[in-house]
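Here are the chains, one letter per residue:
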Amino acid sequence: MILSTELDVLPIDAKDTEPARATRPIPTALISTLTVGVILGLWGLASAYALVSPVFLPSPRQVVIALYNLVVKGFVDATLAEHVGASLTRIFGALIASIIIGIPAGLAIGTSRVGRGILDPIVEFLRPLPPLAYLPLVIIWVGIGEASKITVIALSMLPSIILSTSAGVRAVSKEHINAARSLGAGKRQVLTEVVLPSAVPSILTGIRIALGAGWTTLVAAELVAATSGIGFMIQSAAQFLVTDIVISGIIVIALIAIFLEYIARLIERRLVPWASHR
Amino acid sequence: MSILTFRNVSLTYPARTGRGGTGDKCVLDGINLQVASDELVAIIGRSGSGKTSLLNLAAGFLTPTSGTITVDGAPVTGPGADRAVVFQDDALYPWLDARDNIAFPLKLKGVPLAERRARADALLARVGLADAGDRRIWELSGGMRQRVGIARALAAEPRFLLLDEPLGALDALTRTRMQDFLLRIKAESGAGAVLITHSIEEALLLGTRVVVLAPNPGRLTAEIEAGFNAEILNGAAVADVKASPIFKRMHAGLTGLIHAGEEELAA
């Protein structure tokens, strides 16, 4: 499931064609580290020489202090942990809801013509919509509380879970199904013992994509309507021009997104080690 | 003693309609065949002769256009554990280890976990893979996979084993070893067997009877009794059997029978 646009550089080839070059190519990780270092350095220089007003661009040191204060004292009545906790509760609430709805819906699309007929137009309508487009409607319908945010996040997660489930179901090997039937499996057993397990890798990929989409939606939804959460924290800080908190918040959001992706990949590897051996 | 019977079985795919449509495609025509549980009937034919369709009919994956297929008088209406299939590319489940693959038919029957694991372990030992129970499918060699596939089919306690070129994908050395293995395991199980193959040698070595299927439409054109499998079961080496003059003579005869259909078409 790893997409790579670059081929690994082959040191042996390099040696064959350019015998003069004795050094090994610079590792990509080192290049990335250097890039981050340079960006941080430029940032530090820009603020040290006051090239930009500290209101717009606080120094890295200020941001670190802001982060520290966020952790121990907090901002707008809640510590960083509480804001992050509120956000994570929403996203996992939405994830559970969309899994409960999405997997059966995907199964229905993948296994039944009627199911596909009913659900396909709904999914195709929902999928390209930016979640913020229907957020106002959802707020009118279910109010400004937690329910509206969870609903919007769940709606943004649903299409990828439904589509990956149905794709996984449709990719089941015909021989695997025939084998089960010839070994005595009924229709239901074929579904639970063969179709579902072989769709799991695809479903997990869908969940990973959904988490990414959900996290994006979450922050956006909190910017618009919330009284806690990491997005709300940034929005409040921006209103008071507390730029160091804004930048801290952005960094936290990015780190959590990377962490969620990492955890999802770890779960994939643990749960379906056979996916790469089909 | 169980008997699998094909009575006047034909299989026709309906014509494709519209412009460029073809006429009805007759895949199998008037097949009559009986397989008893003390037999291993080898069905041989070139590709396109409908031998896999014949097996799929026996398995219940396909329904005959006319005629009937019965097991001990009861008509076959769909797939069932009394006719377990072993596939050419094993069709094992990669999300299960070797033991749980073998225990799969028992799980379908609702056998409790501890018992089905124990029975799967016994089957693993029978197919010579006593230590491989925890191995993942992709960690097994082709020959080992087929052993697991055969053990899985046996776990269903079938009356008939339907073998769809189970050794077709194996290398020559493994294949010879597996032929001997297959004969013994089949004899021990007491199940009848239908073996689809395109190897004349394999058909002669393993079959109590060899049936020739000619293409366009698929029909049975010859049937010979082959006694070599009894010799092998009695301890004769496969290599010696293959080297015997009578084996060579029958091999040549069978080759002639298979090609007879071809000349008929050319004429």
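Residues numbered from 1 in each chain as written. Chains lettered and ligands numbered in written order. Predicted model: local features only at pLDDT ≥ 70, side-chain atom pairs only at ≥ 80, totals over all residues. Heavy atoms only, no water.

(A) Quick peek at the overall build of chain B. The helix and strand tally for chain B stands at nine helices and 10 strands. In terms of C-alpha radius of gyration, chain B reaches 19 Å, essentially the compact-globule figure of 18 Å for 267 residues. Summarising its shape, the C-alpha atoms of chain B cover approximately 60 × 50 × 35 Å along the three principal directions. Scored against the burial criterion, the 267 residues of chain B give a buried share of 52%. Within chain B, contacts between residues separated by at least 24 positions form 70% of all contacts whose residues are at least 6 apart in sequence. Of the accessible surface of chain B, which amounts to about 11,500 Å², a share of 52% is contributed by carbon and sulfur atoms. Here chain B contributes 29 positive and 30 negative side-chain charges, whose respective centroids are spaced 4 Å apart. (Helix = DSSP H or I, 4+ residues; strand = E, 2+ residues; numbered from the N terminus. Rg over C-alpha atoms; globule rule 2.2 N^0.38 Å. Buried < 20%, exposed > 50% of the residue type's maximum accessible area, 1.4 Å probe, protein only. Contact = heavy atoms within 4.5 Å. Areas by Shrake-Rupley, 256 points an atom, 1.4 Å probe, with all protein chains shown as cover. Lys, Arg positive; Asp, Glu negative; His and termini not counted. Charge placed at Lys NZ, Arg CZ, Asp CG, Glu CD.)

(B) Highlighting the overall build of chain A. Each helix and strand counted, chain A has 11 helices and zero strands in total. Across chain A, helices and strands are ordered from the amino to the carboxyl terminus as α-α-α-α-α-α-α-α-α-α-α. The C-alpha radius of gyration of chain A comes to 24 Å, more than 25% above the 19 Å expected for a compact globule of 278 residues. In terms of principal-axis extent, the alpha carbons of chain A reach across some 75 × 70 × 30 Å. When the 278 residues of chain A are sorted by exposure, 40% land in the buried category. Taking the contacts inside chain A whose residues are at least 6 apart along the sequence as the reference set, 69% of them involve residues at least 24 apart. When the accessible area of chain A is evaluated, it comes to approximately 16,100 Å², of which 70% is carbon and sulfur surface. Of note, chain A has its 20 positive side-chain charges centred 8 Å away from the centre of its 16 negative side-chain charges.

(C) Fine view of the nonpolar core. The biggest cluster of nonpolar side chains holds 131 residues, and the ones touching the most others in it are Ile230 of chain A together with Leu4, Phe6 and Ile43 of chain B. Sorting elements by how many residues they give to this core places helix H9 (residues 187-224) of chain A first, with 12 residues. Beyond its immediate stretch of four places on either side in the chain, phenylalanine 6 of chain B contacts Ile31, Asn32, Leu33, Leu54, Leu57, Ala58, Thr68 and Ile69 of chain B. (Core = buried A, V, L, I, M, F, W, Y, C linked by side-chain atoms within 4.5 Å.)

(D) Looking closely at the environment of lysine 25 of chain B. Along the chain, lysine 25 of chain B turns up in strand S2 (residues 25-36). Discounting chain neighbours no more than four positions away, the residues touching lysine 25 of chain B are Leu11, Thr12, Tyr13 and Asn216 of chain B.

(E) View of the pairing of strand S10 (residues 219-225) of chain B. All names here are of chain B. Pairing of strand S9 (residues 209-214) with S10, which is carried by six bridges, proceeds in the antiparallel orientation. Considered in S10, the bridge of valine 210 is made with isoleucine 224. Between the end of S9 and the start of S10, which pair antiparallel, lie four residues, with asparagine 216 showing a positive phi angle near 55 degrees. (Pairing = 2+ DSSP bridges.)

(F) Here's a closer look at the confidence of the model for chain B. When the pLDDT values of chain B are averaged, the result is 89; 95% of them are 70 or greater. Mean pLDDT across the elements of chain B ranges from a minimum in helix H9 (residues 245-266) of chain B, with 80, to a maximum in helix H2 (residues 98-109) of chain B, with 95. (pLDDT = per-residue confidence, 0-100.)

(G) How the structure looks around the domain arrangement of chain A. What the domain assignment reports for chain A is domain 1 (11-51) and domain 2 (71-277). When each unit is reduced to the centre of its C-alpha atoms, the spacing between domain 1 of chain A and domain 2 of chain A is 36 Å. (Domains from an automatic or database assignment.)

(H) View of H9 of chain A. Its 38 residues give H9 of chain A an end-to-end C-alpha distance of only 48 Å, which falls more than 12% under 56 Å, the value for a rise of 1.5 Å per residue. Along H9 of chain A, the sharpest kink reaches roughly 45 degrees, centred on valine 200 of chain A and followed within four residues by the proline proline 201 of chain A. (Expected span 1.5 Å × (residues − 1). Bend = angle between axes of the 7 residues up to and from the residue.)

(I) Local environment of the confidence of the model for chain A. Of all residues in chain A, 92% attain a pLDDT of 70 or more, and the chain-wide mean is 87. Between residues 1-16 of chain A, whose pLDDT stays under 50, and residues either more than four places distant or in other chains, the model counts seven contacts.

(J) Structural view of the sheet that holds strand S7 (residues 160-164) of chain B. Residue and element names in this part refer to chain B. Taken in spatial order, the six strands of this open sheet run S6-S7-S8-S3-S9-S10, and their pairing is mixed. Only two strands of the sheet have a single neighbouring strand rather than two, namely strand S6 (83-86) and S10. Averaged over all adjacent pairs, the angle separating strand axes in this sheet is 20 degrees, with direction ignored. With four bridges joining them, S6 and S7 adopt parallel strand pairing. (Axes fitted to C-alpha atoms, helices over the stretch in contact; angles between N-to-C directions.)

(K) The domain arrangement of chain B, seen in detail. Residue and element names in this part refer to chain B. Here chain B is described as being made up of domain 1 (3-82 + 160-166 + 177-266) and domain 2 (94-157). Its C-alpha centre places domain 1 at a distance of 27 Å from the equivalent point of domain 2. Taken together, the contact between domain 1 and domain 2 spans 10 residues of the former and 10 residues of the latter. Area buried by domain 1 at its contact with domain 2 is led by Met178, Phe181 and Ile185, which between them contribute 46% of it. The closest approach of N and O atoms between glutamate 188 and arginine 126, which form a salt bridge, is 3.4 Å. The interface formed by domain 1 and domain 2 includes two residue pairs in polar contact (both at pLDDT 80 or more). Considering every element that reaches the side of domain 1 that touches domain 2, the biggest residue donor is helix H5 (residues 172-189), with seven residues. Each residue belonging to the side of domain 1 that touches domain 2 can be placed in one class, and the counts come to seven nonpolar, one polar and two charged. (Buried area = accessible area lost by both parts, 1.4 Å probe. Salt bridge = Lys/Arg side-chain N within 4 Å of Asp/Glu carboxyl O. Polar contact = N/O pair within 3.5 Å; in protein donor to acceptor, adjacent residues only side chain to side chain. Nonpolar A, V, L, I, M, F, W, Y, C, P; charged D, E, K, R; others polar.)

(L) Broad picture of the pairing of strand S3 (residues 40-44) of chain B. Residue and element names in this part refer to chain B. Most of S3 sits inside the fold, with five of its five residues counted as buried. Side chains Leu40, Ala42 and Ile44 project from S3 onto one buried face, and the interleaved Val41 and Ile43 project onto a second face that is buried too. Judged from the five bridges that link them, S3 and strand S8 (residues 192-197) form a sheet pairing that is parallel. Paired with leucine 40 across the bridge in S8 is alanine 193. One ladder, built from four bridges, connects S3 with S9; its direction is parallel. Bridge assignment links isoleucine 44 to a residue of S9, and that residue is valine 212.

(M) Summary view of the side chain of threonine 174 of chain B. Inspection of the secondary structure assignment puts threonine 174 of chain B in helix H5. By relative accessible area, which is 15% here, threonine 174 of chain B ends up buried.

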